[in-house]
Amino acid sequence: MEDVQEKYLEQKERLLGAIDSAKTILSDLRIFNRDSWVVRYPQLRDQSAEESTPVEVSTSKAPKRKSIRRSLSFADDPTFQTDVVLTPARKGMARSMTLASIADETAEEQSNEEDEDRLVAPSDAADFHVFRLDLKLGSHGSSSSPAALVSQLEKASIANLLDDRIGASMNHINKLRQRVEDKSSKVLVTGDLNAGKSTFVNALLKREVMPVDQQPCTTAFCEVHDAADNDGKEELHILKEGIPYSREDESTYTRADLSELESIVSENENVQQMLKVYLRDARSPTESLLSNGIVDISLIDAPGLNRDSMKTTAVFARQEEIDVVVFVVSAENHFTLSAKEFLWNASNEKAYLFIVVNKYEQIRDKAKCRRLVLEQIKQLSPRTFEDAEDLVHFVDSASAFQKDSQSFENLESSLRSFVLVKRAKSKLTPASTYLTHLLSDVDLLVGANAIVAETELERALEDLNRSRPVLEKMKNGREALDESLEHVEEAGSSRSRMRTKEILNDALVRVGQGKLGVEVSGLNMPSYPGFLGIWEYAREVRKTLLTSVDIAVKLAEDEARKITSTGVDKVFQLGEDHLPEGVERSRRVFMPEAMFSTDKLARKKARRQSGALLAGGVYTLGISLGQRPDMLETTFFDIFDVQHQFRIHFSDKSSEEEGC
């Protein structure tokens, strides 16, 4: 026994180290998913017979292939699809599986090792266990329909779902560590309604403690402990909801006598109760499960699975906290849907389950019953089926409580061995199985993302190789292009500056001569109204001359627009001449009418209306000399100027008359 305990402690330390390493891996994966790479969630499907590559049958004896061929795609990108080969890891390897492309398959050496040398069975290697996400639409199981995949989800959305699942896994790993470190063992007894769970617990304890009736009566979680844990006192502790239990703190529970257990359970049928039951077992440590002298054991009698959804959910959640599941099934009814679901979930984590087929003596065709039950167990818990001689027992708990039964004695012996002697299997295997599935999922996730990363890298390298000659050509032509652009810019600005000076200088000279700055239709000098209206006349002359200057500015702007438009056309043509094929051209639109604007709001409005990138604003430069009141104020000097114009006008007319 000491050797067994020593070996158990060694395995326990190694498992704790593996748990810490797995937690570090998950933490690094979450950081990588958040900061460096949006982790893609792969989907693996079996290849159809039509798509499978035909294999020539050889007469020579070839080693058996252990790899599995699958079609890989991603939920957020169904267009990405490639064939892959999954190879489960062998014992002693760091990775639980490898994921390689079909092209790499021929380079792999074929192995003739047996399946039992694999950490993960080939059938399990091709799917997720812990990281499985439900990304289907429509009716359950309609994965073949186009609406089955949630392809409209963004990569980040699926990555967030995966991050939540990883976070939940890290929390579960913390619970696993606590369970492994805990020196005691928790044994959960559960099953369907009226399967005889409470009768079975009483038979194990060799005394009537749990309430038994033909109607379902166990509605609470009754956790049975050795009275030695309660200073040798037999009593019942009713836990208070929402308060952590402590035997030393009486404020966390209410004391009651064992004789009150049945009435307490029946009177609180609709209340989710947690009860601690402390019992003395007069049997020797070699016969007693509770008082075994080796490990502290707690025996938990749980409500039936089919009583109501709330209690069923509570049982499902509770099984994650315990070490050994003892599932009691009626030989008359076999496994219900709830029982199958529970066994499937528990088996995925714990691998080994202890199954009690109760009321077996009442069955006529016992051989048929045994065969049907074992067939179902084989599907629900393969590891349990492999060790069925020790883990599956056909008994009648009611008759065993009343008289000695060899089958029940064998059950007790096997259960003691499973819980006490084979603790590496009962207590450590659940954590080990979970870690194996978890690391298998991580490996599958890493392998699939490595493939898509390699694909994206190859695509990026192809784009880079295709762009490099274009870049070199553009570099070589850059100097000539810069010179051409400078020439276009200098020529345009010089001509625009020259034409502007010509137009404005000419206008100012004409205004200085008392003429309109530019001759345009609709703009004429005012008529002289006589001496009495000379003041108003001077004001109108000033306004008309200033308006002509405004028109001259507008003409200069229009000329600049034409010159600029020509320059822009030349720049676009230079782009066509110098940019290689395949290089995206500028989509900017030049709008000459938007030049010379100083109004930012107008400029933004024009951009919104046109949908293009505008140069400048939407109106003119806006000198508006003829509209400025300060420029239209008439002064005394304007009168002298009018008199001067008057003398010139009449002196010219007098000269003409004298000439006549």
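Everything below is about the structure printed above this text.
Residues numbered from 1 in each chain as written. Predicted model: local features only at pLDDT ≥ 70, side-chain atom pairs only at ≥ 80, totals over all residues. Heavy atoms only, no water.

K.L.:
Please give an account of the nonpolar core that cites residues and values.
P.N.:
Counting 44 residues, the largest nonpolar core has F200, L236, L299 and V326 as its most contacted members. The dominant element in this core, judged by the number of residues it contributes, is helix α13 (residues 406-421), at six residues. Setting aside residues no more than four positions away along its own chain, L299 makes contact with V187, V189, V201, L204, L205, C222, E223, V224, L289 and L290. Of all hydrophobic cores here, the second largest spans 35 residues; its members include L16, L44, L162 and L435. (Core = buried A, V, L, I, M, F, W, Y, C linked by side-chain atoms within 4.5 Å. Buried < 20%, exposed > 50% of the residue type's maximum accessible area, 1.4 Å probe, protein only. Helix = DSSP H or I, 4+ residues; strand = E, 2+ residues; numbered from the N terminus. Contact = heavy atoms within 4.5 Å.)

K.L.:
Pulling in residues and values, what's your account of a nonpolar patch on the surface?
P.N.:
Nonpolar side chains collect at one region of the surface, where L457, L461 and L464 lie side by side and expose about 270 Å² of accessible area between them. For L461, the position within the fold is in helix α14 (residues 423-476). (Patch = residues over 30% accessible without salt bridge, like charges linked within 9 Å, V, L, I, M, F, W, Y side chains within 5 Å. Areas by Shrake-Rupley, 256 points an atom, 1.4 Å probe, with all protein chains shown as cover. Salt bridge = Lys/Arg side-chain N within 4 Å of Asp/Glu carboxyl O.)

K.L.:
Would you mind going over a negative patch on the surface in detail, with residue names and values included?
P.N.:
Residues E479, E483, E486, E489 and E490 make up a contiguous surface patch of negative charge. Relative to the helices and strands, E486 is located in helix α15 (residues 478-512). When its relative accessible area of 44% is taken as the criterion, E486 is described as partly exposed. (Lys, Arg positive; Asp, Glu negative; His and termini not counted. Charge placed at Lys NZ, Arg CZ, Asp CG, Glu CD.)

K.L.:
I'd like a rundown of the pattern of salt bridges, residues and numbers included.
P.N.:
In total, this model carries 26 salt bridges according to the counting rule given. In this structure, R466 and D463 form a salt bridge, with 2.3 Å as the shortest nitrogen-oxygen distance. Here D463 and R466 lie together in helix α14, a separation of three residues that amounts to about one turn. R466 gets classed as exposed once you look at its relative accessible area, which sits at 54%.

K.L.:
Describe in detail unusual backbone geometry, supporting the description with residues and values.
P.N.:
Trans is the prevailing form of peptide bonds, just as negative phi is the prevailing case for residues other than glycine. Positioned with a positive phi, H334 is a non-glycine residue whose angle comes to about 60 degrees. A positive phi angle is found at K359, which is not glycine, with a value near 60 degrees. Considering the arrangement of structural elements, one finds K359 in the loop between β12 (354-358) and α9 (366-380).

K.L.:
Requested: an account of helix α5 (residues 197-205), with residues and values cited.
P.N.:
Most of α5 is tucked away, with nine of its nine residues classed as buried. The set of residues buried in α5 consists of K197, S198, T199, F200, V201, N202, A203, L204 and L205. At the exit of α5 stands K206, carrying a positive phi of roughly 60 degrees.

K.L.:
Provide a residue-level description of the sheet that holds strand β10 (residues 297-301), including the pertinent values.
P.N.:
In space, the nine strands of this open sheet follow the order β8-β7-β9-β6-β10-β5-β11-β12-β13, with mixed pairing throughout. Each end of this open sheet is capped by a strand with a single partner; those strands are β8 (253-256) and β13 (392-394). Strand after strand, the sheet turns through a mean of 20 degrees between neighbouring axes, direction not considered. Taken together, the four bridges between strand β7 (residues 235-239) and β8 define a ladder with antiparallel strand orientation. Bridging from a neighbouring strand, L239 pairs with Y253 of β8. Strands in contact with α5 are β5 (185-191), β6 (221-226), β9 (274-279), β10, β11 (324-330) and β12; relative to β10, the strand with the most contacts, it is inclined by about 155 degrees. The sheet contacts of helix α8 (residues 337-350) involve β5 and β11, and relative to β11 the element is tilted by about 155 degrees. (Pairing = 2+ DSSP bridges. Axes fitted to C-alpha atoms, helices over the stretch in contact; angles between N-to-C directions.)

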